[in-house]
Amino acid sequence: MQLLLEQLINGLTIGSFYALIALGYSMVYGVLKLINFAHGDFFTMGSYIGYTMLVFGIAAATAQFGPWTGMMVALVVSALGIALVGILVERSAYRPVYRAGRLPAVVSALGASIFLQNTIMVIWGPRYQAYPAELIPAMRFQFGQISITLLQVIILALSFILMAALYTIVQKTAFGSAVRATAHDRNTAALMGINFNRVILFIFTLGPALGAMAGVMVGMYYRQISFTMGWNYGLKAFTATILGGIGNLPGAMFGGLILGVLEMLGAAYISAAWKDVFVFLILILVLIFRPTGLFGEKTAEKV
Amino acid sequence: MGNGKSAGLSKLFTTTPWYVPVLFSALVVIYPFFATDYFIDIAFFFGIYALLGLSLNIVLGEVGLFDLGHAGFYAIGAYVTAILNTRYQIPILALLPVSALAAGLFAYLVCSPIIHLKGDYLCIVTIGMGEIVRLALINNPFDLTGGPNGVFGVDFPKLSPNLVIDSSIEYYFLVWAVVGLSILGLISLQHSRIGRAWNCIREDTVAAGATGINVRHYKLLAFVLGAGLAGVAGNIYASKLMCVSPESFTFWESCLMFCIVLIGGMGSIPGVLIGAAFISLFPEIFRPFAMYRMLVFGSVMIVMMMVRPGGFWPRKRGGVAFRSLLEDTGNGNA
Amino acid sequence: MAMPRRLADNDVVLKTTGITKIFGGLRAVSDFDLSVHKGEILSLIGPNGAGKTTVFNVVTGIYSPEHGDVVFLGKKITGRKPHSIVSSGIARTFQNIRLFPDMTCLENIMAGQHCRARSGIFSSVFRTPAMRREEERIRTVAEQRIAQVELAPFAHELAKNIAYGSQRMLEIARALATEPRLLVLDEPSSGLNPKETQDLMSFLKRLIASEDLTILLIEHDMNVVMGISDWVVVMDEGKKIAEGIPDAIYNNPDVIEAYLGRDEGEA
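Definitions and limits used
For every chain, the first residue of its written sequence is number 1, and the numbers climb from 1 along that sequence. Chains and ligands are labelled by the order in which they are written, letters from A for the one and numbers from 1 for the other. Selection of residues for local features in this predicted model requires a pLDDT of at least 70, selection of side-chain atom pairs for listing and counting requires 80 or more, and totals for whole chains, interfaces and linings are taken over all residues. The basis for every side-chain value is the complete set of non-hydrogen atoms in the structure, without hydrogens or water. Each helix is a run of H or I in the DSSP string that is no shorter than four residues. Each strand is a run of E no shorter than two, and both are numbered from the N terminus. Radius of gyration here uses only the C-alpha atoms, and the compact-globule reference equals 2.2 Å multiplied by the residue count raised to the power 0.38. Relative accessibility under 20% of the residue-type maximum defines a buried residue, over 50% an exposed one, and the middle range a partly exposed one, all with a 1.4 Å probe and only protein chains included. Any two residues whose heavy atoms approach within 4.5 Å are treated as being in contact. Values of accessible area rely on a 1.4 Å probe in the Shrake-Rupley scheme; residue burial ignores everything except the protein chains shown. Charged-residue counts in this description rest on Lys and Arg as positive and Asp and Glu as negative, His and the chain ends being excluded. Every charge is mapped onto a representative atom, which is NZ of Lys, CZ of Arg, CG of Asp or CD of Glu. Only the stretch in contact is used when a helix axis is fitted, and all axes are lines through C-alpha atoms; the angle between N-to-C directions ranges over 0 to 180 degrees. Note: crossing handedness is left-handed where the near helix turns anticlockwise from the far helix by less than a right angle, and right-handed where it turns clockwise. For this classification, the nonpolar set comprises Ala, Val, Leu, Ile, Met, Phe, Trp, Tyr, Cys and Pro, the charged set comprises Asp, Glu, Lys and Arg, and every other residue, Gly included, is treated as polar. Each salt bridge in this description consists of a side-chain nitrogen of Lys or Arg and a carboxyl oxygen of Asp or Glu lying within 4 Å of one another. Throughout this description, a polar contact denotes any pair of N or O atoms lying within 3.5 Å of each other; where both atoms belong to protein, one of them has to be capable of donating a hydrogen while the other can accept it, and for residues adjacent in sequence the pair is counted only when both atoms sit in side chains. Here the expected span of a helix is defined as 1.5 Å times the quantity of residues minus one. Note on pairing: DSSP must find at least two bridges between two strands before they are called paired.

### Thoughts on the overall build of chain A
Thinking step 1. Helices and strands together make up the secondary structure of chain A, namely 12 helices and four strands.
Thinking step 2. Computed over the C-alpha atoms, the radius of gyration of chain A is 19 Å, within 12% of the 19 Å expected from 2.2 N^0.38 for a compact globule of 303 residues.
Thinking step 3. Principal-axis analysis of the C-alpha atoms places the extent of chain A at approximately 60 × 45 × 35 Å.
Thinking step 4. Out of the 303 residues belonging to chain A, those deemed buried represent 57%.
Thinking step 5. For chain A, restricting intrachain contacts to residue pairs at least 6 apart in sequence, the fraction spanning at least 24 positions comes to 77%.
Thinking step 6. Counting only carbon and sulfur atoms, one obtains 67% of the accessible surface of chain A, whose full area is about 12,500 Å².
Thinking step 7. For chain A, the distance from the average site of its 17 positive side-chain charges to the average site of its 9 negative ones is 7 Å.

### Notes on the environment of C:Ala155
Thinking step 1. Within the secondary structure layout, C:Ala155 lies in the loop between α5 (129-148) and α6 (164-176).
Thinking step 2. Taking the C-alpha atoms as reference points, C:Ala155 and C:Ile109, separated by 46 residues in sequence, lie 9.5 Å from one another.

### Overview of the packing of helix α5 (residues 92-111) of chain B against helix α10 (residues 215-241) of chain B
Axes are the key here: two packed helices are described by the angle between their axes and the distance separating the axes.
Residue and element names in this part refer to chain B.
Thinking step 1. Contact pair α5 / α10: the axes reach a minimum separation of 7 Å and the direction vectors enclose 145°. Considering how the two elements wind past one another, α5 and α10 form a crossing that is right-handed. Counting all contacts with α5, which are made through Ile92, Leu95, Leu96, Ser99, Ala100, Ala103, Gly104, Ala107, Tyr108 and Cys111, the residues of α10 involved are Leu220, Phe223, Val224, Ala227, Gly228, Gly231, Val232, Asn235, Ile236 and Ser239.
Thinking step 2. Grouping the amino acids of the contact of α5 with α10 by side-chain chemistry returns 14 nonpolar, six polar and no charged.

### Structural notes on the side chain of B:Arg134
Thinking step 1. Checked against the element boundaries, B:Arg134 lands in helix α6 (residues 119-138).
Thinking step 2. Once residues lying within four places of it in the same chain are set aside, the contact partners of B:Arg134 are B:Pro246, B:Phe249 and B:Thr250.

### Points about unusual backbone geometry
Residue and element names in this part refer to chain C.
Thinking step 1. Phi angles above zero are rare outside glycine, and Arg127 is one such case at about 45°.
Thinking step 2. Take Arg127: it is sitting in the loop between α4 (121-126) and α5.
Thinking step 3. Positive phi, normally seen in glycine, also occurs at Glu150, with a value near 60°.
Thinking step 4. The topology assignment puts Glu150 in the loop between α5 and α6.

### Considering the interface of chain C and chain B
Thinking step 1. Listed by partner, the interface residues are 44 residues for chain C and 40 residues for chain B.
Thinking step 2. The interface formed by chain C and chain B includes two salt bridges.
Thinking step 3. For the pair chain C and chain B, the interface holds 13 residue pairs in polar contact (both at pLDDT 80 or more).
Thinking step 4. Among the elements of the structure, α2 (82-88), α3 (105-112), α4 and α5 of chain C are those that each provide at least two residues to the side of chain C that touches chain B.
Thinking step 5. Here the residues of the side of chain C that touches chain B sort into 21 nonpolar, 10 polar and 13 charged.

### Considerations on α5(B)
Thinking step 1. Given a rise of 1.5 Å per residue, 20 residues ought to cover 28 Å, and the 27 Å separating the end C-alpha atoms of α5(B) matches this to within 8%.
Thinking step 2. Where the residues of α5(B) are buried, they touch α4 (70-88) and α10 of chain B.

### Some thoughts on the pattern of salt bridges
Thinking step 1. Tallied over the full model, the rule gives 24 salt bridges over all chains.
Thinking step 2. In this structure, A:Lys236 engages A:Asp276 in a salt bridge whose closest nitrogen and oxygen atoms are separated by 3.0 Å. Linking A:Lys236 in helix α10 (residues 229-244) with A:Asp276 in helix α12 (residues 275-289), this pair joins segments that are 40 residues apart in sequence. A:Asp276 matches A:Lys236 in its accessibility class, with the two residues each being buried.
Thinking step 3. A salt bridge links C:Glu135 to B:Arg196, with the shortest nitrogen-to-oxygen separation between them at 2.9 Å. Taken together, the residues span two chains, with C:Glu135 in helix α5 and B:Arg196 in helix α8 (residues 193-203).
Thinking step 4. Within the structure, one salt-bridge network assembled from shared partners comprises A:Lys236, A:Glu263, A:Lys275 and A:Asp276.

### Let's talk about the sheet that holds strand β7 (residues 182-186) of chain C
Residues and elements named next belong to chain C.
Thinking step 1. Pairing in this open sheet of six strands is mixed, and the strands run β6-β7-β8-β3-β9-β10 from one edge to the other. Each edge of the sheet is formed by a strand with only one pairing partner; in this case those strands are β6 (90-92) and β10 (239-244). Shown here is a sheet whose adjacent strand axes are inclined to one another by a mean of 20°, direction ignored.
Thinking step 2. Lying over the sheet, α6 contacts β6 and β7, oriented at roughly 155° with respect to β7.
Thinking step 3. Along the sheet, helix α7 (residues 194-210) contacts β3 (41-45), β7 and β8 (214-218); its crossing angle with β8, the most-contacted strand, is approximately 150°.

The following block contains the structure:
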C-alpha cells in the first residue's frame, strides 16, 4: 500500500512533465494537424536555459534572496526564451511548408528537431550537465506512511496551476474559443474573422513555454540533463497526447498523468527495465479498442 | 498484343528515359574499381539505406501508411541473422530468406490487430512497436540478444567454401545486387493489380474499398513485404558489421527512413535512391564541418521541403506501360 | 397494386427489409424496406437529410445497420465489407466524387477490374505469363469502359486534372469496370450543367438497354428523376413515405408536403 501510494505520487510527478509537454503537441496538432517533432527539443533547450540561469546568471541572487527567486527567474526566463524560439521555428521551418500538405511538414519538423538538438550540443556541449543541488530545501512531508518531498509538492502544484491556467484560457476566453474554432475547422474559422496567424502565434508561444518550464522542472527533479533527452520525453509526451485523444487538451493532460503513473507502477510491480515496454503495450491496447484514444471523439467519416 | 516480351519489364521503364537506369547501373558497377575501401564502405551504406528506403516506400510511399517504427523490422532481420548464425552456425546467405520471413511474420502478427487505425494513430503505434523491439533487445530476454552490447562474431556470407564475401568491394556488390533485384521486383509490382490497389488505398481508402479492393488485406501485405525487405537489409548489415546492437535500431533510424522516402518522393523508386544518397552521403561529405554538420543537415531538410515539397523525383504517371489508346481502338474497328 | 412497368417479385435484385441505422441518438434510417427489380432504374428521392445516402452506405457495406437485412440476388449481404459486396456485384459512385486523384484516368478504371482478377504477389513480381494475360484483359476492359464514357483522349491524364463533368463520368466508368449487376449512383447529375445532364440521362438509358444491369440512384434533379426512372421511392426523416411510378409520385400530396413543408428551394 505504501509502495503503491509513493509510486502514485512519483508517477504523478513525471506524469505532470509529460502532461505539460503533451499540451504543446496537442495544441499544434489540433490546429495544424502537424506532429511537431521539434517540441521535445524546445523542452530540452528550456532545461538548458534554466541550467545556465541557475548556474551562472542568478547564483548570486539565489544566495542573497533565497532559492525561490532563483527558481522563479529560471522558469520565467526559460519560458520567455523558448517562446521566442518557438515563434522563430514556426516562421522559418513550418510556415513555408504548410500549404504543401502534411508530409513535407513532417520532414521539416524532423529537420527542425535535428537543427535544435545540434544547436544545443554546439552551445552547451555534448556531455551531461548537472543542475545545482539544494535549490529547494530537501524537506520531506510525512503523511502517515508515505512521504513526499517539498520539490515534488512544488512541481505538482506548479504543473497543476499551469495546466489550469491554460485550460481556462482555452475554454473560457474569447481568444481560446478562436483557437478551438480554428482547430475544429480552419476555413470556417477564417470566414468568421478569426486571424489564423494570431492563433498560430498563440500556440507556438504557449506550447513551447510550457515545454520549457517542464524542462526546468525536470532539471531540478533529476538534476542531470542531456542534449538528447528531448527525444525520449517528446516520445512519451506524444504518446500521452495520443492516449488522451489527439487535439483534445484535457485529454492530453490526463494522458500525461496516466502515462506517468503507469510507468511508475510498471517499474514498481513489473520491472524497471520493462516499464517503457509496458507503457507502449498499454498504449497499443488502448488504441486497438478505442481507435481515437481514451477521450477522443468517435468520428464517423462522412461519405 | 501477342508479343509478350514488350509487356514485360523493359517497357515498365518508360516513365524515366532509358539511359538513366543504364547509366546509374554502369556507375554502380564501375565505381568500386576507382574508389578506396573507405569510399566503397560509404557506398555500401548508401546501398543499405536504399534497401531500407525501398522497404519503407512500400508501406509509406505506395500505401500512404505512416510507419515510424520501421527500424523494428530491420532489427528483427539483423538479430535473427546474428543469433542463428552465432549459436547454430547457420550460413549467412541461408539466413537471408529466414530473416525476411521472420521480419515479415513479425509484421503480420503485430500489424493485424492495429491495421484499422487511421493516420497518426497508426503512426504512434508503429513508433511504440519499434520502441518495444529496441527495449526488448536491450533487456536481453532469455539471454538471446546480449543486452545493450548486442551479439558479436557474426560470420561472413559464403557463396561456396572458397568464395567468401569478406572484403569491402564484395559486400558492396552483394548489397547492390540485392538493391537491383529488389528494384526490378518493385517496379513489376508497381505495374500490377497489387501496386494499383496500394495506390488506390493511399489516394482514397473509402473509394478503394468501394471499388472492390480488400483494404485490410493490401495494407497488411504492404507491411509484410516492407518488413521482409527491411529484414533482408538487417541480414546484410549484421554480417558486414559482424555484430549487432540495439543502438543501431533507434527511433532516429526510423525517422531517417521516413525522410528518405519523403525527400525522394512518395512511391518513387528513383526518389528513394536520391533520398538514400542524401541521408548516407551528406554526413560524410560534410564531415570536415565536424560538429556543425548536423546543424546543416537539419537546415537542408527544411529547405528541401520548401523547394520541392513533393520530393526530388516524384513518381511520374502517364503513358507508362500502356499502349497508345487511339491506335488501339483503331485496331479494334479494323 | 398492379404496377404494369414492374416485373414480378421473383425478379427482385436487391431487397432491404427493416434496415435501421442510428448515429448517436439520431435515427438516420428507420425500418426501411426497398425492392429493386431486375433491369429497372429506381430513383430514391427526398429532402436533404432524409437518409438516402445512409441507405446507400448500408447497401454498399460502408455502414452496417443496427437492424434489418440487405439481400442481393438471393444472398444476405448485411454487414459484409465493401470490397466483398463489390465482388458480389454492387458497384457505386459517391455524391462528392471520390476518384484516385493522382492516378491516371485509365488506372482509375483498371482499379475497378481489381476484384475480377486473381494475380497474387508471386506472379506479379515475376510477371508470369498468366499474370500478363490477366493484365492484358484488365487493360482491355478498362479501355472499353473509358471509350464508353468518351474519355479515351484523357486516358493518361491524372484524374484530378480533368473537368468536373468528366470526373463524374469517370467514376461511373470505374464502377462499371467492376462488372456489376447493380449500379448504385449517388446524385450523378449534381454539379453538371444542363447539357451534361442530358448526356448523362441518355447514357444511363443506353446503358440499361444494352447491358444486364439494374440502376439505383439518388437524385435531386426532378427532370432526371421523371425522365429516366421506372420506379421512384420517396424518403423523409429516415422513412419511406411513398413509392410508385414517376407520374404518380409527381402528384402525390405527401411528397409535395415533404419537399415544400421543410425544404424550400430544394429540388
